[in-house]
Amino acid sequence: MQNITHTFRIVGIKGHGAFENFATEVPEFARQLLHRTREIEHHTNIEIALFEPKWGDSHLEGHYYVGILVRDKPSHVPKGMEYLEVSGTYVSAKGSIDHVDLLYEEVGQCRAEQNLTRDWLSYIVETYHPMENGEEVEVFLPVIGS
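Residues numbered from 1 in each chain as written. Predicted model: local features only at pLDDT ≥ 70, side-chain atom pairs only at ≥ 80, totals over all residues. Heavy atoms only, no water.

Caption draft 1: Quick peek at the pattern of salt bridges. Per the stated rule, a full pass over the model turns up four salt bridges. Of the charged contacts in the structure, one is a salt bridge between Arg 31 and Glu 28, with a shortest N-O distance of 3.3 Å. Pair noted here: Arg 31 and Glu 28 are both in helix α1 (residues 22–34), with a separation of three residues, about one helical turn. Residue Glu 28 is classed as partly exposed on the basis of its relative accessible area of 35%. Lys 94 is the salt-bridge partner of Glu 136, the closest N and O atoms lying 3.9 Å from each other. Separated by 42 residues along the polypeptide, Glu 136 in strand β7 (residues 134–144) and Lys 94 in strand β4 (residues 82–96) bring together distant segments of the chain. For Lys 94, a relative accessible area of 44% gives the class partly exposed. (Salt bridge = Lys/Arg side-chain N within 4 Å of Asp/Glu carboxyl O. Helix = DSSP H or I, 4+ residues; strand = E, 2+ residues; numbered from the N terminus. Buried < 20%, exposed > 50% of the residue type's maximum accessible area, 1.4 Å probe, protein only.)

Structural data, given as C-alpha coordinates:
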(Lines give C-alpha, C1' and ligand atoms only; values in the text may rest on other atoms or scores of the structure.)
Protein backbone atom coordinates (compact mmCIF):
# COMPACT_ATOMS: atom_id res chain seq x y z
CA MET A 1 0.00 0.00 0.00
CA GLN A 2 1.44 3.33 -0.96
CA ASN A 3 0.57 6.98 -1.52
CA ILE A 4 2.13 8.30 -4.75
CA THR A 5 2.00 11.07 -7.31
CA HIS A 6 2.09 9.65 -10.82
CA THR A 7 1.54 10.52 -14.49
CA PHE A 8 0.09 7.86 -16.78
CA ARG A 9 0.71 8.17 -20.54
CA ILE A 10 -1.94 6.21 -22.36
CA VAL A 11 -3.11 5.36 -25.84
CA GLY A 12 -6.59 3.96 -25.62
CA ILE A 13 -10.22 3.88 -26.60
CA LYS A 14 -13.13 5.47 -24.77
CA GLY A 15 -16.25 3.60 -23.76
CA HIS A 16 -19.50 4.63 -22.11
CA GLY A 17 -22.21 2.65 -20.39
CA ALA A 18 -23.99 1.68 -17.22
CA PHE A 19 -21.69 1.31 -14.22
CA GLU A 20 -23.25 -2.08 -13.51
CA ASN A 21 -22.00 -3.32 -16.92
CA PHE A 22 -18.38 -2.13 -16.56
CA ALA A 23 -17.24 -5.57 -15.37
CA THR A 24 -18.16 -7.12 -18.74
CA GLU A 25 -17.77 -4.12 -21.09
CA VAL A 26 -14.28 -3.08 -20.01
CA PRO A 27 -12.63 -6.50 -20.61
CA GLU A 28 -14.32 -6.69 -24.04
CA PHE A 29 -12.95 -3.25 -25.00
CA ALA A 30 -9.54 -4.34 -23.73
CA ARG A 31 -9.62 -7.43 -25.99
CA GLN A 32 -10.39 -5.18 -28.98
CA LEU A 33 -7.50 -2.90 -28.09
CA LEU A 34 -5.01 -5.76 -27.62
CA HIS A 35 -5.55 -6.82 -31.22
CA ARG A 36 -4.24 -3.41 -32.25
CA THR A 37 -1.22 -2.91 -29.96
CA ARG A 38 1.22 -3.27 -32.87
CA GLU A 39 -0.20 0.04 -34.18
CA ILE A 40 0.80 1.88 -30.98
CA GLU A 41 4.27 3.45 -30.78
CA HIS A 42 6.35 3.26 -27.60
CA HIS A 43 3.95 0.89 -25.83
CA THR A 44 4.99 -0.95 -22.68
CA ASN A 45 2.70 -4.03 -22.86
CA ILE A 46 1.06 -2.86 -19.62
CA GLU A 47 -2.71 -2.53 -19.98
CA ILE A 48 -4.57 0.23 -18.19
CA ALA A 49 -8.17 1.18 -17.50
CA LEU A 50 -9.46 4.57 -16.33
CA PHE A 51 -12.88 4.77 -14.70
CA GLU A 52 -15.12 7.75 -14.07
CA PRO A 53 -16.06 7.60 -10.37
CA LYS A 54 -19.64 6.73 -9.46
CA TRP A 55 -20.77 9.65 -7.26
CA GLY A 56 -23.96 8.11 -5.90
CA ASP A 57 -26.99 5.89 -6.46
CA SER A 58 -28.53 8.25 -9.03
CA HIS A 59 -25.32 8.29 -11.13
CA LEU A 60 -26.09 5.29 -13.35
CA GLU A 61 -23.83 5.76 -16.38
CA GLY A 62 -20.25 6.78 -16.85
CA HIS A 63 -17.30 6.57 -19.18
CA TYR A 64 -14.01 4.74 -19.10
CA TYR A 65 -10.89 4.28 -21.16
CA VAL A 66 -9.03 1.07 -21.86
CA GLY A 67 -5.55 1.38 -23.19
CA ILE A 68 -1.92 0.60 -22.99
CA LEU A 69 0.78 2.58 -21.22
CA VAL A 70 3.33 4.25 -23.47
CA ARG A 71 6.82 5.51 -22.60
CA ASP A 72 6.52 8.70 -24.69
CA LYS A 73 3.85 10.59 -26.59
CA PRO A 74 3.47 8.82 -29.94
CA SER A 75 3.96 10.78 -33.17
CA HIS A 76 0.85 9.05 -34.55
CA VAL A 77 -2.27 7.88 -32.68
CA PRO A 78 -4.13 5.03 -34.41
CA LYS A 79 -7.59 5.72 -35.82
CA GLY A 80 -10.32 5.50 -33.18
CA MET A 81 -7.86 5.91 -30.30
CA GLU A 82 -6.78 8.84 -28.15
CA TYR A 83 -3.59 9.84 -26.37
CA LEU A 84 -4.06 10.95 -22.75
CA GLU A 85 -1.80 12.04 -19.95
CA VAL A 86 -3.44 11.62 -16.57
CA SER A 87 -1.65 12.91 -13.47
CA GLY A 88 -2.61 12.85 -9.85
CA THR A 89 -1.99 11.74 -6.31
CA TYR A 90 -3.17 8.25 -5.52
CA VAL A 91 -3.39 5.65 -2.80
CA SER A 92 -2.46 2.38 -4.49
CA ALA A 93 -2.36 -1.34 -3.81
CA LYS A 94 -1.27 -4.26 -5.98
CA GLY A 95 -2.37 -7.87 -5.91
CA SER A 96 -4.09 -10.72 -7.71
CA ILE A 97 -6.77 -9.77 -10.20
CA ASP A 98 -8.90 -12.46 -8.57
CA HIS A 99 -9.12 -10.27 -5.44
CA VAL A 100 -9.57 -6.80 -6.95
CA ASP A 101 -12.48 -6.14 -4.56
CA LEU A 102 -10.10 -6.57 -1.61
CA LEU A 103 -7.64 -4.13 -3.17
CA TYR A 104 -10.39 -1.51 -3.35
CA GLU A 105 -11.18 -2.13 0.31
CA GLU A 106 -7.47 -1.71 1.15
CA VAL A 107 -7.03 1.58 -0.71
CA GLY A 108 -10.26 2.93 0.77
CA GLN A 109 -9.16 2.01 4.26
CA CYS A 110 -5.67 3.47 3.70
CA ARG A 111 -7.18 6.73 2.42
CA ALA A 112 -9.34 6.97 5.55
CA GLU A 113 -6.45 6.11 7.91
CA GLN A 114 -4.27 8.82 6.33
CA ASN A 115 -7.14 11.34 6.50
CA LEU A 116 -6.92 11.92 2.74
CA THR A 117 -9.85 13.35 0.79
CA ARG A 118 -11.12 11.34 -2.16
CA ASP A 119 -10.76 13.19 -5.49
CA TRP A 120 -14.13 12.67 -7.16
CA LEU A 121 -13.11 14.61 -10.30
CA SER A 122 -10.24 12.27 -11.28
CA TYR A 123 -10.25 8.82 -12.81
CA ILE A 124 -9.81 5.66 -10.79
CA VAL A 125 -6.91 3.82 -12.47
CA GLU A 126 -6.16 0.11 -12.78
CA THR A 127 -3.01 -1.27 -14.40
CA TYR A 128 -2.71 -4.93 -15.37
CA HIS A 129 0.52 -6.87 -15.14
CA PRO A 130 0.85 -10.39 -16.63
CA MET A 131 2.46 -12.89 -14.26
CA GLU A 132 3.56 -16.49 -14.67
CA ASN A 133 0.46 -17.70 -12.81
CA GLY A 134 -2.22 -15.25 -13.91
CA GLU A 135 -2.37 -11.49 -13.72
CA GLU A 136 -1.80 -8.82 -11.09
CA VAL A 137 -3.70 -5.58 -10.94
CA GLU A 138 -2.65 -2.33 -9.30
CA VAL A 139 -5.48 -0.06 -8.17
CA PHE A 140 -4.92 3.71 -7.93
CA LEU A 141 -7.57 5.63 -5.98
CA PRO A 142 -7.28 9.40 -6.58
CA VAL A 143 -6.92 11.61 -3.51
CA ILE A 144 -6.44 15.33 -2.98
CA GLY A 145 -2.96 16.30 -1.79
CA SER A 146 -0.64 13.91 -0.02
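Caption draft 2: Structural detail: unusual backbone geometry. The residue Asn 45 is not glycine, and still its phi comes out positive at about 70 degrees. In the Ramachandran plot, Asn 115 falls in the positive-phi region, its phi being about 55 degrees despite a non-glycine side chain. Residue position: Asn 115 is located in the loop between α2 (100–113) and β5 (117–118).

Caption draft 3: Looking closely at α2. Spanning 14 residues, α2 covers 20 Å between terminal C-alpha atoms, matching the ideal 20 Å at 1.5 Å per step. Along α2, the positions that sit buried rather than exposed are Leu 103, Val 107 and Cys 110. Seen along its axis, α2 keeps its buried residues to an arc of 60 degrees; they face one direction. Seen from the open side of α2, the exposed residues pointing more than 90 degrees away from its buried face are Glu 105 and Glu 113. Looking at the packing, one finds that the buried side of α2 touches β4 and β7. Looking one or two residues beyond α2, the residue adopting positive phi is Asn 115, at roughly 55 degrees. (Expected span 1.5 Å × (residues − 1). Arc of directions from axis to C-beta. Contact = heavy atoms within 4.5 Å.)

From the geometry alone we can't say anything about function, so treat these as descriptive.
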